[in-house]
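# Commentary on secondary and tertiary structure
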Amino acid sequence: MDRHVRTTDDVLALMDGLFAPGADRWTGEGASWWDDFYADRSKAVPFFVDKPDENLDAYLRQGLVTPGRVLELGCGPGRNALHLASLGFDVDAVDLSPAALAWARERADEAGAHGVRFHRGDAFALTAEGAALAGPYDLIYDSGCFHHLPPHRRISYLALLERCLAPGGHFALACFAAGAGGMGSELPDAELYLTGRLHGGLAYTDDELRRVFSGLTEIELRRMNDEATDSPLFGESFLWAALFHRAADEE
């Protein structure tokens, strides 16, 4: 007998367990999968490049986002966190993988970067109420984390934004796009639980993203520009690039 469920967190943890261990890329138990993924730095993985996202660069150049306190979710080898820090942002960057963070710290040392702190662990735990990374943050940035969450963890993600994003702050996202030229699984949410897998990550339509983040004001939602290999910026058109704003008078 195992009748331990009594809270929302208990339900979420139970639903985490409906996925096969190899599918877990969002809890602390998923760190080893990501360590294996980052073990060979020479792999032809688009986001292994040391370049910031083109949409992030655009937000900065257009003055849509200005220096302040930043939380990056799933920072990987640190390319966006280090770019923001170089421009005067105060950055907390989170990732599950020790291997990814070791690479990020090496890049930071090589660049002589200041203003960025790398944190290993589950972003939901690290940003819990009263935790060191609970915010408020002027910008929450996510390039490739959200689409690796199972459907029930969208609840956790929205709760993170609610407690950590400052009134008047911005949330920016890059994630798999559904449809022609996109990437990721387009299976219905329910079928993911039947298969016990996330099939490499979830694709979203633009309307689905608008519905998920309907509590925020949309500033931009478009396909990311496809950047050439010799560009100083990262960009792949199979991703959405989105920027949302939280009302300044929201408590």
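Shown above is the structure to which this text applies.
Now for a quick tour of the structure. If you're wondering where the values come from, they're calculated on a predicted model, not measured in any experiment. (Residues numbered from 1 in each chain as written. Predicted model: local features only at pLDDT ≥ 70, side-chain atom pairs only at ≥ 80, totals over all residues. Heavy atoms only, no water.)

Let us look at the overall build of the protein chain. Regarding its fold elements, the protein chain presents nine helices and seven strands. Dimensions of the protein chain, computed from C-alpha atoms along their principal axes, come out at roughly 55 × 45 × 35 Å. By the burial criterion, 49% of the 251 residues in the protein chain qualify as buried. Of all intrachain contacts in the protein chain linking residues separated by at least 6 positions in sequence, the fraction that spans at least 24 positions is 72%. Placing the 22 positive and 40 negative side-chain charges of the protein chain at their respective mean positions leaves the two points 2 Å apart. (Helix = DSSP H or I, 4+ residues; strand = E, 2+ residues; numbered from the N terminus. Buried < 20%, exposed > 50% of the residue type's maximum accessible area, 1.4 Å probe, protein only. Contact = heavy atoms within 4.5 Å. Lys, Arg positive; Asp, Glu negative; His and termini not counted. Charge placed at Lys NZ, Arg CZ, Asp CG, Glu CD.)

Moving on to the nonpolar core. Grouped together as the largest cluster of nonpolar side chains are 34 residues, with contacts concentrated most on I140, F146, Y157, F171 and F213. Only β1 (69-73), α6 (123-126), β4 (137-143), α7 (153-164), β5 (165-176), α9 (206-212) and β7 (239-245) provide two or more residues apiece to this core. For F171, the contacting residues outside a window of four places in its chain are I140, D142, Y157, L161, L165, F213, L216, A242, L243 and F244. L82, L101, A178 and M224 belong to the second largest nonpolar core, which has 31 residues in total. (Core = buried A, V, L, I, M, F, W, Y, C linked by side-chain atoms within 4.5 Å.)

Of all eight residues making up helix α4 (residues 79-86), seven are buried, and the element is well covered by its neighbours. Here α4 has its buried residues at R79, N80, A81, L82, H83, L84 and A85. Looking at the buried positions of α4, the neighbouring elements they touch are α3 (54-61), β1, β2 (90-95), α5 (98-111), β3 (116-120) and β4. Two residues or fewer past α4, G88 is found with a positive phi of approximately 100°.

Taking 1.5 Å per residue, 14 residues should reach 20 Å; α5 reaches 20 Å between its end C-alpha atoms and fits that length. Those residues of α5 that sit buried are A100, L101, W103, A104, R107 and A108. Down the axis of α5, the buried side of the element spans an arc of 155°, and every buried residue falls inside it. Along α5, exposed side chains directed more than 90 degrees from the buried face belong to D109 and E110. Contacts made by the buried residues of α5 are with α2 (31-38), α4, β2 and β3. G112 sits one or two positions beyond α5 and adopts a positive phi of about 60°. (Expected span 1.5 Å × (residues − 1). Arc of directions from axis to C-beta.)

With that out of the way, let us pick up the environment of L96. On the secondary structure map, L96 appears in the loop between β2 and α5. For L96, a relative accessible area of 10% corresponds to the buried category. In this structure L96 touches R25, W26, T27, G28, A31, W34, R120, G121 and D122, once residues within four positions along its chain are discounted.

Glancing now at the pattern of salt bridges. Scanning the entire structure with this criterion turns up 15 salt bridges. For R210, the salt bridge identified is with E218, shortest N-O distance 2.6 Å. What makes R210 partly exposed here is its relative accessible area of 31%. Here R222 ties to E220 by a salt bridge, and the two come within 3.2 Å at their closest N and O atoms. Here E220 falls in the partly exposed class, since its relative accessible area comes to 21%. (Salt bridge = Lys/Arg side-chain N within 4 Å of Asp/Glu carboxyl O.)

Bringing the packing of α2 against α5 into the picture now. At their nearest, the axes of α2 and α5 sit 7 Å apart, and the two run at 50° to each other. Classified by the interaxial angle, the pair formed by α2 and α5 is oblique. For the pair α2 and α5, contact is made by A31, D35 and Y38 and by P98, A99, A100 and W103, respectively. (Axes fitted to C-alpha atoms, helices over the stretch in contact; angles between N-to-C directions. Parallel < 35°, antiparallel > 145°, perpendicular 65-115°, else oblique.)

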